[in-house]
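Close look at the chain arrangement
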Amino acid sequence: MEPIWLIGMMGSGKSTVGAEVAARLRWTFVDIDAEIAARVGCSIGELWGSAGEEAFRDMESAQVARLADTVDTVISAGGGVVLRGENVRAMRESGVVVWLDAPPGTLADRLEGDSDRPLLRQSDPQIRLSEIAAEREHRYRSSSHFRLDAAATVGEVAANVVGHVRIKVGDASEVLVGRGFAHDLLPVRPDRRKAALLTQAGALTVAGNVGDRLAETGIEMLNIELPDREAAKTLEAVGEVYKRLAEFNLGRYDTIVGVGGGTVTDAAGFVAATWLRGVESVAVPTTLLGAVDAAIGGKTGLNLSGKNLVGAFWHPSRVNVSLDVLETCPRNLMIEGTAEAVKAGFIADQAIVAAYEESGLGAPLAEIVPKAIAVKAKVVSDDFREQGDRAILNFGHTIGHGIETAAGIPHGHAVAIGMVAAATISAARYGFDAPRLTALLTKLELPIKSPAVDRNTVLDLVARDKKRSSDGIRMVLLEDFGRPRLESVKPAELSAGLAAVGLG
Ligand SMILES: NC(=O)c1ccc[n+]([C@@H]2O[C@H](COP(=O)([O-])OP(=O)(O)OC[C@H]3O[C@@H](n4cnc5c(N)ncnc54)[C@H](O)[C@@H]3O)[C@@H](O)[C@H]2O)c1
Ligand SMILES: [Zn+2]
(Lines give C-alpha, C1' and ligand atoms only; values in the text may rest on other atoms or scores of the structure.)
(Ligands and ions follow the chains in the order given, each with its own letter.)
Protein backbone atom coordinates (compact mmCIF):
# COMPACT_ATOMS: atom_id res chain seq x y z
CA MET A 1 0.00 0.00 0.00
CA GLU A 2 1.00 3.61 -0.51
CA PRO A 3 2.32 5.42 2.58
CA ILE A 4 0.23 7.24 5.17
CA TRP A 5 1.67 10.72 5.90
CA LEU A 6 0.76 12.29 9.22
CA ILE A 7 1.04 16.05 9.38
CA GLY A 8 0.03 18.61 11.98
CA MET A 9 1.35 20.89 14.70
CA MET A 10 3.99 19.86 17.19
CA GLY A 11 2.23 18.07 20.02
CA SER A 12 -0.57 16.76 17.80
CA GLY A 13 0.72 13.25 18.47
CA LYS A 14 2.09 12.40 15.02
CA SER A 15 4.96 10.31 16.40
CA THR A 16 3.11 8.37 19.07
CA VAL A 17 0.01 7.91 16.90
CA GLY A 18 2.16 7.04 13.87
CA ALA A 19 4.03 4.33 15.76
CA GLU A 20 0.75 2.91 17.03
CA VAL A 21 -0.83 2.92 13.55
CA ALA A 22 2.21 1.19 12.07
CA ALA A 23 2.08 -1.46 14.81
CA ARG A 24 -1.60 -2.10 14.14
CA LEU A 25 -1.06 -2.37 10.36
CA ARG A 26 2.27 -4.23 10.74
CA TRP A 27 3.84 -1.51 8.59
CA THR A 28 7.11 0.36 9.06
CA PHE A 29 7.09 3.59 11.03
CA VAL A 30 9.38 6.51 10.20
CA ASP A 31 9.58 9.74 12.19
CA ILE A 32 11.32 12.25 9.94
CA ASP A 33 12.63 14.38 12.84
CA ALA A 34 14.07 11.31 14.58
CA GLU A 35 15.55 10.12 11.30
CA ILE A 36 17.33 13.47 10.79
CA ALA A 37 18.49 13.65 14.41
CA ALA A 38 19.97 10.15 14.09
CA ARG A 39 21.78 11.12 10.89
CA VAL A 40 23.34 14.31 12.25
CA GLY A 41 23.97 12.87 15.69
CA CYS A 42 22.37 15.69 17.66
CA SER A 43 18.91 16.95 18.60
CA ILE A 44 16.79 19.01 16.18
CA GLY A 45 17.19 22.00 18.52
CA GLU A 46 20.97 21.71 18.36
CA LEU A 47 20.85 21.31 14.59
CA TRP A 48 18.84 24.53 14.24
CA GLY A 49 21.33 26.23 16.52
CA SER A 50 24.41 25.09 14.63
CA ALA A 51 23.32 24.80 10.97
CA GLY A 52 20.17 26.93 10.89
CA GLU A 53 16.53 26.25 9.91
CA GLU A 54 17.16 26.16 6.15
CA ALA A 55 19.71 23.39 6.46
CA PHE A 56 17.21 21.41 8.52
CA ARG A 57 14.46 22.04 5.96
CA ASP A 58 16.71 20.77 3.16
CA MET A 59 17.30 17.55 5.04
CA GLU A 60 13.59 17.29 5.70
CA SER A 61 12.78 17.66 1.98
CA ALA A 62 15.34 15.00 1.13
CA GLN A 63 13.64 12.63 3.58
CA VAL A 64 10.20 13.38 2.15
CA ALA A 65 11.43 12.66 -1.38
CA ARG A 66 13.03 9.40 -0.25
CA LEU A 67 10.00 8.20 1.71
CA ALA A 68 7.60 8.98 -1.15
CA ASP A 69 8.85 5.81 -2.85
CA THR A 70 8.18 3.49 0.09
CA VAL A 71 5.24 1.16 0.61
CA ASP A 72 3.49 0.06 3.79
CA THR A 73 5.00 2.95 5.72
CA VAL A 74 3.48 5.34 8.23
CA ILE A 75 5.41 8.60 8.22
CA SER A 76 5.34 11.27 10.87
CA ALA A 77 6.35 14.45 9.07
CA GLY A 78 7.56 17.45 11.06
CA GLY A 79 5.19 20.31 11.86
CA GLY A 80 6.78 22.59 9.25
CA VAL A 81 6.87 20.09 6.39
CA VAL A 82 3.96 21.89 4.72
CA LEU A 83 5.99 25.09 4.36
CA ARG A 84 7.55 23.83 1.14
CA GLY A 85 5.40 23.13 -1.91
CA GLU A 86 7.72 20.39 -3.13
CA ASN A 87 7.07 18.43 0.10
CA VAL A 88 3.33 18.84 -0.22
CA ARG A 89 3.35 17.62 -3.81
CA ALA A 90 5.55 14.63 -2.97
CA MET A 91 3.31 13.61 -0.08
CA ARG A 92 0.02 14.00 -1.93
CA GLU A 93 1.29 12.27 -5.04
CA SER A 94 2.65 9.29 -3.17
CA GLY A 95 -0.06 8.41 -0.69
CA VAL A 96 -2.70 9.67 1.69
CA VAL A 97 -2.04 12.74 3.84
CA VAL A 98 -3.83 12.88 7.20
CA TRP A 99 -3.82 16.08 9.28
CA LEU A 100 -3.94 15.48 13.03
CA ASP A 101 -5.58 18.56 14.46
CA ALA A 102 -5.87 19.48 18.15
CA PRO A 103 -6.57 22.80 19.93
CA PRO A 104 -3.52 24.87 21.05
CA GLY A 105 -4.34 24.27 24.75
CA THR A 106 -4.05 20.49 24.24
CA LEU A 107 -0.83 20.94 22.28
CA ALA A 108 0.68 23.14 25.03
CA ASP A 109 -0.21 20.60 27.73
CA ARG A 110 1.41 17.82 25.76
CA LEU A 111 4.57 19.81 25.08
CA GLU A 112 5.11 20.96 28.67
CA GLY A 113 8.66 20.14 29.72
CA ASP A 114 9.80 19.27 26.17
CA SER A 115 12.99 21.29 25.72
CA ASP A 116 13.76 20.30 22.10
CA ARG A 117 11.23 22.67 20.48
CA PRO A 118 13.14 25.52 18.86
CA LEU A 119 10.00 27.40 17.80
CA LEU A 120 8.68 27.63 21.37
CA ARG A 121 11.74 29.01 23.07
CA GLN A 122 11.08 32.69 23.24
CA SER A 123 7.51 33.11 24.44
CA ASP A 124 4.52 31.64 26.27
CA PRO A 125 4.07 28.24 24.54
CA GLN A 126 0.28 28.36 24.29
CA ILE A 127 0.23 31.83 22.75
CA ARG A 128 3.05 30.95 20.37
CA LEU A 129 1.28 27.67 19.44
CA SER A 130 -1.94 29.56 18.69
CA GLU A 131 -0.01 31.91 16.43
CA ILE A 132 1.73 29.11 14.54
CA ALA A 133 -1.53 27.17 14.25
CA ALA A 134 -3.29 30.22 12.81
CA GLU A 135 -0.48 30.80 10.31
CA ARG A 136 -0.41 27.20 9.21
CA GLU A 137 -4.05 26.13 9.36
CA HIS A 138 -4.76 26.78 5.68
CA ARG A 139 -1.55 24.98 4.73
CA TYR A 140 -2.45 21.91 6.76
CA ARG A 141 -5.89 21.90 5.20
CA SER A 142 -4.75 22.28 1.61
CA SER A 143 -1.86 19.85 2.04
CA SER A 144 -3.91 17.03 3.55
CA HIS A 145 -6.61 14.79 2.15
CA PHE A 146 -8.28 14.22 5.52
CA ARG A 147 -8.47 16.03 8.87
CA LEU A 148 -8.79 14.02 12.08
CA ASP A 149 -9.46 15.25 15.57
CA ALA A 150 -6.27 14.52 17.50
CA ALA A 151 -7.43 15.60 20.95
CA ALA A 152 -8.46 12.05 21.92
CA THR A 153 -6.17 9.34 23.34
CA VAL A 154 -3.38 7.85 21.23
CA GLY A 155 -5.32 4.58 20.91
CA GLU A 156 -8.46 6.35 19.72
CA VAL A 157 -6.68 8.56 17.22
CA ALA A 158 -4.63 5.64 15.89
CA ALA A 159 -7.78 3.55 15.46
CA ASN A 160 -9.24 6.38 13.38
CA VAL A 161 -6.15 6.72 11.20
CA VAL A 162 -6.21 3.01 10.31
CA GLY A 163 -8.18 2.60 7.09
CA HIS A 164 -7.03 5.86 5.52
CA VAL A 165 -5.48 5.05 2.21
CA ARG A 166 -5.06 6.26 -1.33
CA ILE A 167 -5.15 3.68 -4.10
CA LYS A 168 -4.50 4.46 -7.74
CA VAL A 169 -6.40 2.62 -10.45
CA GLY A 170 -4.02 2.78 -13.37
CA ASP A 171 -3.26 6.40 -14.17
CA ALA A 172 -6.92 7.20 -14.52
CA SER A 173 -8.38 7.40 -11.05
CA GLU A 174 -7.50 7.71 -7.43
CA VAL A 175 -9.52 6.14 -4.66
CA LEU A 176 -9.46 7.88 -1.29
CA VAL A 177 -10.66 5.86 1.68
CA GLY A 178 -11.08 7.47 5.07
CA ARG A 179 -13.26 8.50 7.95
CA GLY A 180 -15.70 11.05 6.63
CA PHE A 181 -14.77 12.48 3.27
CA ALA A 182 -11.62 14.06 1.90
CA HIS A 183 -11.57 17.89 1.95
CA ASP A 184 -11.54 17.87 -1.83
CA LEU A 185 -14.39 15.68 -2.93
CA LEU A 186 -13.53 16.54 -6.50
CA PRO A 187 -10.05 16.70 -7.97
CA VAL A 188 -8.87 20.28 -8.39
CA ARG A 189 -10.04 21.73 -11.74
CA PRO A 190 -10.19 25.45 -12.25
CA ASP A 191 -12.40 25.15 -15.35
CA ARG A 192 -15.24 23.33 -13.57
CA ARG A 193 -18.37 25.45 -12.99
CA LYS A 194 -21.16 22.94 -12.46
CA ALA A 195 -21.77 19.44 -11.21
CA ALA A 196 -24.75 17.12 -11.49
CA LEU A 197 -25.19 14.82 -8.52
CA LEU A 198 -27.02 11.55 -9.20
CA THR A 199 -28.30 9.56 -6.26
CA GLN A 200 -30.97 7.12 -5.02
CA ALA A 201 -33.44 6.68 -2.17
CA GLY A 202 -31.12 4.95 0.32
CA ALA A 203 -28.29 7.48 -0.10
CA LEU A 204 -30.17 10.78 0.20
CA THR A 205 -28.56 11.89 3.47
CA VAL A 206 -25.04 11.29 2.23
CA ALA A 207 -25.92 12.91 -1.10
CA GLY A 208 -27.30 15.95 0.76
CA ASN A 209 -24.02 16.34 2.65
CA VAL A 210 -21.91 15.89 -0.45
CA GLY A 211 -24.09 18.32 -2.44
CA ASP A 212 -23.95 20.96 0.30
CA ARG A 213 -20.20 20.72 0.54
CA LEU A 214 -19.78 21.10 -3.20
CA ALA A 215 -22.20 24.02 -3.29
CA GLU A 216 -20.17 25.72 -0.53
CA THR A 217 -17.15 25.69 -2.81
CA GLY A 218 -19.08 27.74 -5.34
CA ILE A 219 -19.99 24.95 -7.76
CA GLU A 220 -23.48 25.22 -9.23
CA MET A 221 -25.27 21.96 -8.39
CA LEU A 222 -28.05 19.95 -9.99
CA ASN A 223 -29.34 17.09 -7.80
CA ILE A 224 -31.16 14.20 -9.44
CA GLU A 225 -32.71 11.25 -7.63
CA LEU A 226 -32.66 8.17 -9.83
CA PRO A 227 -35.25 5.42 -9.46
CA ASP A 228 -34.03 2.97 -6.81
CA ARG A 229 -32.00 -0.16 -7.52
CA GLU A 230 -31.81 -1.66 -11.04
CA ALA A 231 -34.45 0.76 -12.34
CA ALA A 232 -31.69 3.38 -12.27
CA LYS A 233 -29.77 1.42 -14.89
CA THR A 234 -32.32 1.81 -17.68
CA LEU A 235 -32.44 3.82 -20.88
CA GLU A 236 -35.59 5.54 -19.55
CA ALA A 237 -33.94 6.71 -16.34
CA VAL A 238 -30.80 7.80 -18.12
CA GLY A 239 -32.88 9.53 -20.82
CA GLU A 240 -34.50 11.65 -18.09
CA VAL A 241 -31.05 12.51 -16.76
CA TYR A 242 -29.88 13.65 -20.21
CA LYS A 243 -32.89 15.99 -20.45
CA ARG A 244 -32.11 17.52 -17.07
CA LEU A 245 -28.44 17.92 -17.99
CA ALA A 246 -29.41 19.70 -21.19
CA GLU A 247 -31.64 22.16 -19.26
CA PHE A 248 -28.88 22.65 -16.72
CA ASN A 249 -26.34 23.15 -19.49
CA LEU A 250 -23.74 20.82 -18.04
CA GLY A 251 -20.61 21.48 -20.09
CA ARG A 252 -17.46 19.72 -21.26
CA TYR A 253 -15.46 20.67 -18.18
CA ASP A 254 -18.18 20.01 -15.64
CA THR A 255 -18.59 16.90 -13.51
CA ILE A 256 -21.05 14.09 -12.85
CA VAL A 257 -21.04 12.87 -9.24
CA GLY A 258 -22.66 9.52 -8.42
CA VAL A 259 -23.60 9.08 -4.74
CA GLY A 260 -25.09 5.69 -3.95
CA GLY A 261 -24.81 1.97 -4.45
CA GLY A 262 -23.51 0.18 -7.51
CA THR A 263 -26.59 0.95 -9.56
CA VAL A 264 -26.02 4.68 -9.13
CA THR A 265 -22.29 4.59 -9.85
CA ASP A 266 -22.93 2.37 -12.90
CA ALA A 267 -25.63 4.70 -14.24
CA ALA A 268 -23.75 7.90 -13.36
CA GLY A 269 -20.60 6.51 -14.95
CA PHE A 270 -22.54 5.66 -18.10
CA VAL A 271 -24.02 9.15 -18.25
CA ALA A 272 -20.54 10.66 -17.79
CA ALA A 273 -19.11 8.42 -20.51
CA THR A 274 -21.75 9.49 -23.01
CA TRP A 275 -22.71 13.08 -22.15
CA LEU A 276 -20.97 15.37 -24.67
CA ARG A 277 -18.89 12.28 -25.61
CA GLY A 278 -17.51 12.07 -22.12
CA VAL A 279 -17.18 14.31 -19.08
CA GLU A 280 -15.42 13.84 -15.76
CA SER A 281 -17.09 11.59 -13.23
CA VAL A 282 -16.58 11.14 -9.51
CA ALA A 283 -18.04 8.29 -7.47
CA VAL A 284 -19.11 8.28 -3.85
CA PRO A 285 -20.12 4.67 -3.19
CA THR A 286 -22.43 4.24 -0.20
CA THR A 287 -22.72 0.44 -0.11
CA LEU A 288 -19.94 -2.03 0.63
CA LEU A 289 -20.49 -3.66 -2.75
CA GLY A 290 -20.24 -0.30 -4.45
CA ALA A 291 -17.05 0.59 -2.58
CA VAL A 292 -15.10 -2.62 -3.15
CA ASP A 293 -16.46 -3.49 -6.55
CA ALA A 294 -18.89 -1.43 -8.63
CA ALA A 295 -17.22 1.98 -8.25
CA ILE A 296 -13.73 0.62 -8.94
CA GLY A 297 -12.43 -0.24 -12.37
CA GLY A 298 -14.28 1.93 -14.82
CA LYS A 299 -16.97 -0.43 -16.04
CA THR A 300 -20.29 1.34 -16.45
CA GLY A 301 -23.50 -0.18 -17.66
CA LEU A 302 -27.23 -0.24 -18.18
CA ASN A 303 -29.67 -3.15 -18.34
CA LEU A 304 -31.81 -3.97 -21.37
CA SER A 305 -33.22 -7.46 -21.79
CA GLY A 306 -30.05 -8.63 -20.02
CA LYS A 307 -28.02 -7.07 -17.23
CA ASN A 308 -25.27 -4.62 -18.24
CA LEU A 309 -25.89 -5.19 -21.96
CA VAL A 310 -25.08 -1.58 -22.79
CA GLY A 311 -22.04 0.06 -21.34
CA ALA A 312 -18.69 1.73 -21.69
CA PHE A 313 -15.35 1.75 -19.97
CA TRP A 314 -15.09 5.12 -18.25
CA HIS A 315 -12.92 5.68 -15.20
CA PRO A 316 -14.09 8.07 -12.49
CA SER A 317 -11.28 10.49 -11.81
CA ARG A 318 -11.86 10.21 -8.06
CA VAL A 319 -13.65 7.68 -5.84
CA ASN A 320 -14.40 8.88 -2.30
CA VAL A 321 -15.06 6.05 0.14
CA SER A 322 -16.21 6.93 3.66
CA LEU A 323 -15.81 4.09 6.14
CA ASP A 324 -18.32 5.84 8.41
CA VAL A 325 -20.96 5.68 5.70
CA LEU A 326 -20.28 2.01 4.94
CA GLU A 327 -20.42 1.08 8.62
CA THR A 328 -23.97 2.36 8.88
CA CYS A 329 -25.23 0.21 5.98
CA PRO A 330 -28.05 -2.17 6.92
CA ARG A 331 -26.98 -5.74 7.66
CA ASN A 332 -28.44 -7.28 4.51
CA LEU A 333 -26.48 -4.86 2.30
CA MET A 334 -23.37 -5.48 4.36
CA ILE A 335 -23.67 -9.24 3.83
CA GLU A 336 -24.15 -8.82 0.07
CA GLY A 337 -21.07 -6.64 -0.21
CA THR A 338 -19.10 -9.07 1.93
CA ALA A 339 -19.47 -11.67 -0.83
CA GLU A 340 -17.40 -9.47 -3.17
CA ALA A 341 -14.91 -8.48 -0.47
CA VAL A 342 -14.24 -12.08 0.51
CA LYS A 343 -14.03 -12.98 -3.19
CA ALA A 344 -11.16 -10.48 -3.49
CA GLY A 345 -9.55 -12.36 -0.61
CA PHE A 346 -10.06 -15.78 -2.22
CA ILE A 347 -8.47 -14.74 -5.50
CA ALA A 348 -5.66 -12.51 -4.26
CA ASP A 349 -5.31 -11.63 -0.57
CA GLN A 350 -5.02 -14.16 2.24
CA ALA A 351 -5.19 -11.38 4.84
CA ILE A 352 -8.82 -10.67 3.90
CA VAL A 353 -9.66 -14.36 4.29
CA ALA A 354 -7.85 -14.49 7.64
CA ALA A 355 -9.64 -11.38 8.95
CA TYR A 356 -13.04 -12.80 8.03
CA GLU A 357 -12.17 -16.24 9.43
CA GLU A 358 -11.21 -14.60 12.71
CA SER A 359 -14.02 -12.09 13.12
CA GLY A 360 -16.81 -13.00 10.68
CA LEU A 361 -19.01 -10.04 9.79
CA GLY A 362 -17.36 -8.15 12.66
CA ALA A 363 -14.10 -7.92 10.70
CA PRO A 364 -13.20 -4.21 10.67
CA LEU A 365 -14.09 -2.46 7.42
CA ALA A 366 -11.04 -0.24 7.98
CA GLU A 367 -8.96 -3.34 7.34
CA ILE A 368 -11.10 -5.08 4.72
CA VAL A 369 -12.11 -2.19 2.45
CA PRO A 370 -8.61 -0.89 1.54
CA LYS A 371 -7.39 -4.43 0.92
CA ALA A 372 -10.35 -5.44 -1.23
CA ILE A 373 -10.14 -2.23 -3.27
CA ALA A 374 -6.41 -2.79 -3.72
CA VAL A 375 -7.06 -6.25 -5.17
CA LYS A 376 -9.51 -4.93 -7.72
CA ALA A 377 -7.38 -1.87 -8.50
CA LYS A 378 -4.35 -4.01 -9.14
CA VAL A 379 -6.15 -6.45 -11.40
CA VAL A 380 -7.84 -3.64 -13.31
CA SER A 381 -4.67 -1.56 -13.62
CA ASP A 382 -2.88 -4.51 -15.14
CA ASP A 383 -5.70 -5.15 -17.57
CA PHE A 384 -7.87 -2.14 -18.17
CA ARG A 385 -10.05 -3.56 -20.95
CA GLU A 386 -10.68 -7.01 -19.60
CA GLN A 387 -8.60 -8.93 -22.07
CA GLY A 388 -6.87 -11.25 -19.69
CA ASP A 389 -6.34 -11.33 -15.99
CA ARG A 390 -9.26 -9.09 -15.17
CA ALA A 391 -11.37 -12.19 -15.68
CA ILE A 392 -10.19 -13.54 -12.31
CA LEU A 393 -12.57 -11.04 -10.72
CA ASN A 394 -15.35 -13.23 -12.09
CA PHE A 395 -14.65 -15.98 -9.57
CA GLY A 396 -18.06 -17.31 -8.55
CA HIS A 397 -19.82 -15.23 -11.18
CA THR A 398 -20.22 -17.64 -14.11
CA ILE A 399 -22.55 -20.04 -12.31
CA GLY A 400 -23.56 -17.28 -9.90
CA HIS A 401 -25.06 -15.14 -12.66
CA GLY A 402 -27.06 -18.12 -13.92
CA ILE A 403 -28.53 -18.72 -10.48
CA GLU A 404 -29.08 -14.99 -9.88
CA THR A 405 -31.23 -14.74 -13.00
CA ALA A 406 -33.02 -18.06 -12.57
CA ALA A 407 -33.78 -17.59 -8.87
CA GLY A 408 -34.06 -13.80 -8.70
CA ILE A 409 -31.81 -13.59 -5.64
CA PRO A 410 -29.44 -10.75 -4.70
CA HIS A 411 -26.15 -10.64 -6.56
CA GLY A 412 -23.96 -11.18 -3.48
CA HIS A 413 -25.92 -14.30 -2.51
CA ALA A 414 -25.64 -15.68 -6.04
CA VAL A 415 -21.89 -15.04 -6.10
CA ALA A 416 -21.49 -16.92 -2.82
CA ILE A 417 -23.32 -19.93 -4.25
CA GLY A 418 -21.32 -19.63 -7.48
CA MET A 419 -18.09 -19.61 -5.47
CA VAL A 420 -19.10 -22.85 -3.75
CA ALA A 421 -19.74 -24.47 -7.14
CA ALA A 422 -16.41 -23.22 -8.56
CA ALA A 423 -14.62 -24.31 -5.38
CA THR A 424 -16.06 -27.81 -5.78
CA ILE A 425 -14.76 -28.06 -9.34
CA SER A 426 -11.43 -26.67 -8.13
CA ALA A 427 -11.27 -29.27 -5.36
CA ALA A 428 -11.71 -32.14 -7.83
CA ARG A 429 -9.09 -30.72 -10.21
CA TYR A 430 -6.47 -29.29 -7.90
CA GLY A 431 -7.29 -30.48 -4.40
CA PHE A 432 -8.46 -26.98 -3.42
CA ASP A 433 -9.77 -26.77 0.17
CA ALA A 434 -13.44 -26.21 -0.72
CA PRO A 435 -14.77 -26.99 2.79
CA ARG A 436 -12.73 -24.09 4.19
CA LEU A 437 -14.26 -21.69 1.66
CA THR A 438 -17.77 -22.98 2.32
CA ALA A 439 -17.34 -22.77 6.09
CA LEU A 440 -16.25 -19.14 5.80
CA LEU A 441 -19.24 -18.19 3.62
CA THR A 442 -21.53 -19.79 6.20
CA LYS A 443 -19.85 -17.81 8.97
CA LEU A 444 -20.49 -14.67 6.89
CA GLU A 445 -24.20 -15.58 6.73
CA LEU A 446 -24.02 -16.08 2.97
CA PRO A 447 -25.93 -18.93 1.31
CA ILE A 448 -24.05 -21.97 0.05
CA LYS A 449 -26.99 -23.72 -1.64
CA SER A 450 -29.14 -22.47 -4.48
CA PRO A 451 -32.87 -21.98 -4.04
CA ALA A 452 -34.85 -24.67 -5.90
CA VAL A 453 -34.64 -23.65 -9.56
CA ASP A 454 -34.59 -25.61 -12.77
CA ARG A 455 -31.07 -26.91 -13.30
CA ASN A 456 -31.35 -26.76 -17.09
CA THR A 457 -32.42 -23.12 -16.98
CA VAL A 458 -29.25 -22.37 -15.02
CA LEU A 459 -27.15 -24.40 -17.48
CA ASP A 460 -28.69 -22.50 -20.41
CA LEU A 461 -27.95 -19.17 -18.76
CA VAL A 462 -24.39 -20.21 -17.98
CA ALA A 463 -23.88 -21.29 -21.59
CA ARG A 464 -25.16 -17.92 -22.82
CA ASP A 465 -22.90 -15.98 -20.47
CA LYS A 466 -20.71 -13.51 -22.31
CA LYS A 467 -17.57 -15.01 -20.77
CA ARG A 468 -18.06 -18.07 -22.97
CA SER A 469 -15.34 -18.96 -25.42
CA SER A 470 -15.22 -21.25 -28.43
CA ASP A 471 -13.81 -24.18 -26.46
CA GLY A 472 -16.56 -24.33 -23.85
CA ILE A 473 -17.49 -22.62 -20.62
CA ARG A 474 -14.58 -20.68 -19.18
CA MET A 475 -14.53 -20.26 -15.46
CA VAL A 476 -12.22 -19.05 -12.77
CA LEU A 477 -10.97 -21.91 -10.60
CA LEU A 478 -8.70 -21.84 -7.57
CA GLU A 479 -5.60 -23.98 -7.24
CA ASP A 480 -5.33 -22.60 -3.75
CA PHE A 481 -6.36 -19.46 -1.90
CA GLY A 482 -4.79 -16.60 -3.85
CA ARG A 483 -4.02 -18.75 -6.90
CA PRO A 484 -6.78 -18.29 -9.49
CA ARG A 485 -6.75 -19.66 -13.02
CA LEU A 486 -9.08 -19.13 -15.93
CA GLU A 487 -9.97 -22.56 -17.32
CA SER A 488 -12.33 -24.33 -19.69
CA VAL A 489 -14.69 -26.53 -17.74
CA LYS A 490 -16.19 -29.79 -19.05
CA PRO A 491 -19.94 -30.49 -18.81
CA ALA A 492 -19.35 -33.23 -16.22
CA GLU A 493 -17.43 -30.82 -14.02
CA LEU A 494 -20.14 -28.20 -14.36
CA SER A 495 -22.72 -30.81 -13.29
CA ALA A 496 -20.66 -31.68 -10.24
CA GLY A 497 -20.39 -27.99 -9.34
CA LEU A 498 -24.15 -27.51 -9.65
CA ALA A 499 -24.83 -30.68 -7.65
CA ALA A 500 -22.71 -29.28 -4.80
CA VAL A 501 -25.04 -26.29 -4.47
CA GLY A 502 -28.20 -28.40 -4.55
CA LEU A 503 -28.84 -28.41 -8.29
CA GLY A 504 -28.10 -32.10 -8.86
N1 LIG B 1 -19.38 -1.65 -12.69
C2 LIG B 1 -18.95 -2.72 -12.07
O3 LIG B 1 -17.80 -3.12 -12.23
C4 LIG B 1 -19.86 -3.42 -11.12
C5 LIG B 1 -19.36 -4.41 -10.27
C6 LIG B 1 -20.22 -5.01 -9.37
C7 LIG B 1 -21.55 -4.64 -9.33
N8 LIG B 1 -22.00 -3.69 -10.18
C9 LIG B 1 -23.42 -3.28 -10.18
O10 LIG B 1 -23.74 -2.79 -8.89
C11 LIG B 1 -25.14 -2.94 -8.69
C12 LIG B 1 -25.41 -3.42 -7.28
O13 LIG B 1 -24.93 -2.45 -6.37
P14 LIG B 1 -25.54 -2.34 -4.89
O15 LIG B 1 -25.56 -3.67 -4.26
O16 LIG B 1 -24.84 -1.25 -4.21
O17 LIG B 1 -27.06 -2.01 -5.18
P18 LIG B 1 -27.97 -0.70 -5.25
O19 LIG B 1 -27.28 0.43 -5.90
O20 LIG B 1 -29.24 -1.14 -5.83
O21 LIG B 1 -28.21 -0.34 -3.71
C22 LIG B 1 -28.94 -1.27 -2.91
C23 LIG B 1 -29.94 -0.54 -2.01
O24 LIG B 1 -29.25 0.14 -0.99
C25 LIG B 1 -29.73 1.47 -0.83
N26 LIG B 1 -28.61 2.20 -0.26
C27 LIG B 1 -27.55 2.73 -0.88
N28 LIG B 1 -26.70 3.25 0.02
C29 LIG B 1 -27.23 3.01 1.24
C30 LIG B 1 -26.80 3.29 2.56
N31 LIG B 1 -25.62 3.89 2.82
N32 LIG B 1 -27.60 2.90 3.59
C33 LIG B 1 -28.76 2.27 3.34
N34 LIG B 1 -29.21 1.97 2.11
C35 LIG B 1 -28.45 2.35 1.07
C36 LIG B 1 -30.18 1.83 -2.20
O37 LIG B 1 -31.13 2.88 -2.19
C38 LIG B 1 -30.76 0.52 -2.72
O39 LIG B 1 -32.10 0.39 -2.32
C40 LIG B 1 -25.63 -3.90 -9.76
O41 LIG B 1 -26.37 -3.20 -10.71
C42 LIG B 1 -24.35 -4.43 -10.38
O43 LIG B 1 -24.49 -4.74 -11.75
C44 LIG B 1 -21.19 -3.08 -11.07
ZN1 LIG C 1 -20.12 -9.26 -8.60
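Parameters at a glance
Residues numbered from 1 in each chain as written. Chains lettered and ligands numbered in written order. Predicted model: local features only at pLDDT ≥ 70, side-chain atom pairs only at ≥ 80, totals over all residues. Near = placed C-beta within 6 Å. Helix = DSSP H or I, 4+ residues; strand = E, 2+ residues; numbered from the N terminus. Nonpolar A, V, L, I, M, F, W, Y, C, P; charged D, E, K, R; others polar. Domains from an automatic or database assignment. Pairing = 2+ DSSP bridges. Axes fitted to C-alpha atoms, helices over the stretch in contact; angles between N-to-C directions. Left-handed = near helix turned anticlockwise from the far one by under 90°. Contact = placed C-beta atoms within 7 Å. Buried ≥ 20, exposed ≤ 12 C-beta atoms within 10 Å, placed from the backbone. Expected span 1.5 Å × (residues − 1). Bend = angle between axes of the 7 residues up to and from the residue.

Here's the deal with the site of ligand 1
In the neighbourhood of ligand 1, 29 residues make up the surrounding shell, with Gly202, Gly261, Gly262, Thr263 and Ala294 lying closest. Among the elements of the structure, helix H11 (262-274), helix H12 (288-294) and helix H14 (331-348) are those that each provide at least two residues to the shell around ligand 1. In terms of residue class, the shell around ligand 1 is made up of 9 nonpolar, 12 polar and 8 charged.

Section: the domain arrangement of the protein
Taken domain by domain, the protein holds domain 1 (4-162), domain 2 (169-329) and domain 3 (384-500). The straight-line distance from the C-alpha centre of domain 1 to that of domain 3 is 49 Å.

Considering the sheet that holds strand S4 (residues 96-101)
What the 5 strands build is an open sheet, ordered S2-S3-S1-S4-S5; its pairing is parallel. The sheet is open, and its two borders are formed by strand S2 (28-31) and strand S5 (146-149), each paired with just one other strand. Taking the axes of each pair of neighbouring strands and ignoring which way they run, one obtains an average angle of 25° across the sheet. Bridge count between strand S1 (residues 4-7) and strand S3 (residues 73-76): 3 bridges; the pairing is parallel. Within S3, the position partnered with Trp5 by the bridge is Ile75.

Regarding the packing of H14 against helix H18 (residues 411-430)
In contact at an axis separation of 7 Å, H14 and H18 are set at 35° when each is read in the N-to-C sense. Both H14 and H18 take part in a crossing whose hand is left-handed. Taken together, the residues of H18 that come into contact with H14 (itself represented by Ile335, Glu336, Gly337, Ala339, Glu340, Lys343 and Phe346) are His411, Gly412, His413, Val415, Ala416 and Met419. Of the residues in the contact of H14 with H18, the class split is 6 nonpolar, 4 polar and 3 charged.

Quick notes on the environment of Val169
Here Val169 lies in strand S6 (residues 165-169). What makes Val169 buried here is the crowd of 24 C-beta atoms within 10 Å. In sequence terms Val169 and Ser381 are 212 residues apart; their C-alpha atoms lie 5.5 Å from each other. Apart from residues no more than four positions distant in its own chain, Val169 is found in contact with Val175, Ile296, Gly297, His315, Ala377, Val380 and Ser381.

Some words on H14
Here H14 contains 18 residues, and its C-alpha end-to-end distance of 25 Å stays within 8% of the 26 Å for a straight helix at 1.5 Å per residue. The largest bend along H14 measures about 25° and falls at Thr338. Burial runs high along H14: 15 of the 18 residues are buried.

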